[in-house]
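Coordinate analysis (summary)
The lines below spell out each chain.
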Amino acid sequence: MSLPEPATAPPPPAIEAARWWSGLRAARQRIDAARTPGPLWLPADVDPPDAPDEPHQDADHAVAYWLRVAAAWGWRFLVLAGVGWVLLSLAGRLAQVLVPLAIALLLAALLAPMVRILRERLRLPASLATAIVLFGGVLLTVGFLTLLVTQLVDGMPGLAENAAAGLQQVREWLRTGPLHLSTSQLDSTFDAAGAWVRDNRQNLTSGLFATAGAGFEVLITAMLIIVVTFFFLRDGRRLWHLSMIALPRRARRRVLEAGDAGWLTLVAYVRATVIVAFIDAVGIGLALVLLRVEFAFLLAALVFLASFIPIVGATVSGAVAVLVALVDEGPLTALIVLAAVIVVQQVEGHVLQPLIMGRAVAIHPLAVIVALAAGVAVAGIIGALVSVPLVAVLNTALRHLTHYQPPPAPEAVVVSADPVA
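Computed from a predicted structure; not experimentally measured.

In the structure shown here, the tally under the stated rule is three aromatic pairs. A ring pair is formed by phenylalanine 230 and phenylalanine 231, whose centres lie 5.5 Å apart and whose planes are at 80°; its orientation type is edge-to-face. Using a relative accessible area of 38% as the deciding quantity, one classes phenylalanine 231 as partly exposed.

This is the structure:
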């Protein structure tokens, strides 16, 4: 008789719960693996390999260095070009205000030393000293212009006759000279010129009337220049200090000193230009007087005024003097005047300007030409007059700002070479 098998004891509840939890986890992993799409070439129950981590770096490092540098230069250049365009546009729109201010600033730089002499040596009040110098200069200018107009009116008939005779000589030279132009060709050319004058007479006269109508604006502009010059001479430094309120406190001292250096440069430039222009006018005028050329004083005055425009002014005024000498006295006299103009201008360019102006206002000729072109484009002849002094002032001010060394702080310790006993 066989014995009954012993009854198997059921597993404890803890083991049963562990088995149940392990099966649940396995089922959950199979479900997640089935839901996660994997590569087509891997079975569903095989986990795909881990993808390599992407490098954590800035996107700029993926761009070539030269391209980043070019882009940095490019957007900065575009910003500067936009700012320059806006400034030039504003200057063109406000030319009727900016031009009188620029001329008044030049006059103030010219008359400031005389005002300072009256205030310091004669102890005159600021308003009285400024009024004496300013209105004395106005009376001198009016007298000078009156003398020029009188000479022009007195000598115009003789110059017209000489011009007609010179034109006839040119016509004979064209007919008998190396060109051998026929009389019919010359007549047709002069007839065409006369027809052009007759056809455009209305435009010419309308331009003259427009110029006469603008006389009132010229008078108003002259009065504005006189008033602004008066306040620049009397309260210029105070106005300059008041304009510094818009700047941060740390930058005021530096900008003030740069402005003072620029003002000294402007004074030196205007004074040197007046001296050089006067010497040019005296030299060329003396040659015209010795050769008995008509309008010698008027041409000397033209040379003086045109010398304020560098390079271009001296060339144009010298050419006018040579042409007048050619019409008035003939080719030999014109050649002598041309030689005198060349000698005077060479002495001016190589001796007078370096000696009088010095290094403080020395500007490269290329900068002068670019400044003249920009001034003519913005404000015509007046722009050419004020552009070069403006460049000289900016040159000095910027050099002062870039080479500026701030003074030591009051609490800084100064080490002396000699020991204190």
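Below, the discussion takes up the UniProt feature "transmembrane region" (unreviewed entry) in the protein. Feature annotation in UniProt places "transmembrane region" (unreviewed entry) on residues 65–88, 94–115, 127–149, 208–233, 261–289, 295–323, 330–347 and 367–394, given in this structure's numbering. In residues 295–323, helix accounts for 79% and strand for 0%; the two terminal C-alpha atoms are 12 Å from one another. A helix fraction of 94% and a strand fraction of 0% characterise residues 330–347, whose end C-alpha atoms lie 26 Å from each other.

You can see leucine 118 is positioned in helix α3 (residues 95–120). Among the residues examined, leucine 118 registers a relative accessible area of 16% and is labelled buried. Along the chain, leucine 118 and isoleucine 132 lie 14 residues apart, while their C-alpha atoms are 9.2 Å from each other.

This paragraph deals with a nonpolar patch on the surface. Together, Trp75, Val79, Val83, Trp85, Val86, Leu87, Leu90, Leu94, Val97, Leu98 and Leu101 make up a nonpolar patch on the protein surface, roughly 1,000 Å² of accessible area in all. When residues of the nonpolar patch are traced back to their parent elements, those giving at least two are α2 (65–93) and α3. Inspection of the secondary structure assignment puts leucine 98 in helix α3.

Now for the nonpolar core. Counting 15 residues, the largest nonpolar core has Ile284, Leu288, Val293, Leu299, Ala321, Ala325 and Val337 as its most contacted members. Secondary structure elements with two or more residues in this core: α8 (249–290), α9 (296–306), α10 (312–329) and α11 (331–356). Ranked by size, the runner-up nonpolar core spans twelve residues in total, among them Val270, Val368, Val386 and Val388.

So, how was this worked out
Residues numbered from 1 in each chain as written. Predicted model: local features only at pLDDT ≥ 70, side-chain atom pairs only at ≥ 80, totals over all residues. Heavy atoms only, no water. Phe/Tyr/Trp six-rings, centres within 6.5 Å; stacked < 30°, edge-to-face > 60°. Buried < 20%, exposed > 50% of the residue type's maximum accessible area, 1.4 Å probe, protein only. UniProt positions renumbered as here; feature names shortened; annotations may be inferred. Helix = DSSP H or I, 4+ residues; strand = E, 2+ residues; numbered from the N terminus. Patch = residues over 30% accessible without salt bridge, like charges linked within 9 Å, V, L, I, M, F, W, Y side chains within 5 Å. Areas by Shrake-Rupley, 256 points an atom, 1.4 Å probe, with all protein chains shown as cover. Salt bridge = Lys/Arg side-chain N within 4 Å of Asp/Glu carboxyl O. Core = buried A, V, L, I, M, F, W, Y, C linked by side-chain atoms within 4.5 Å.

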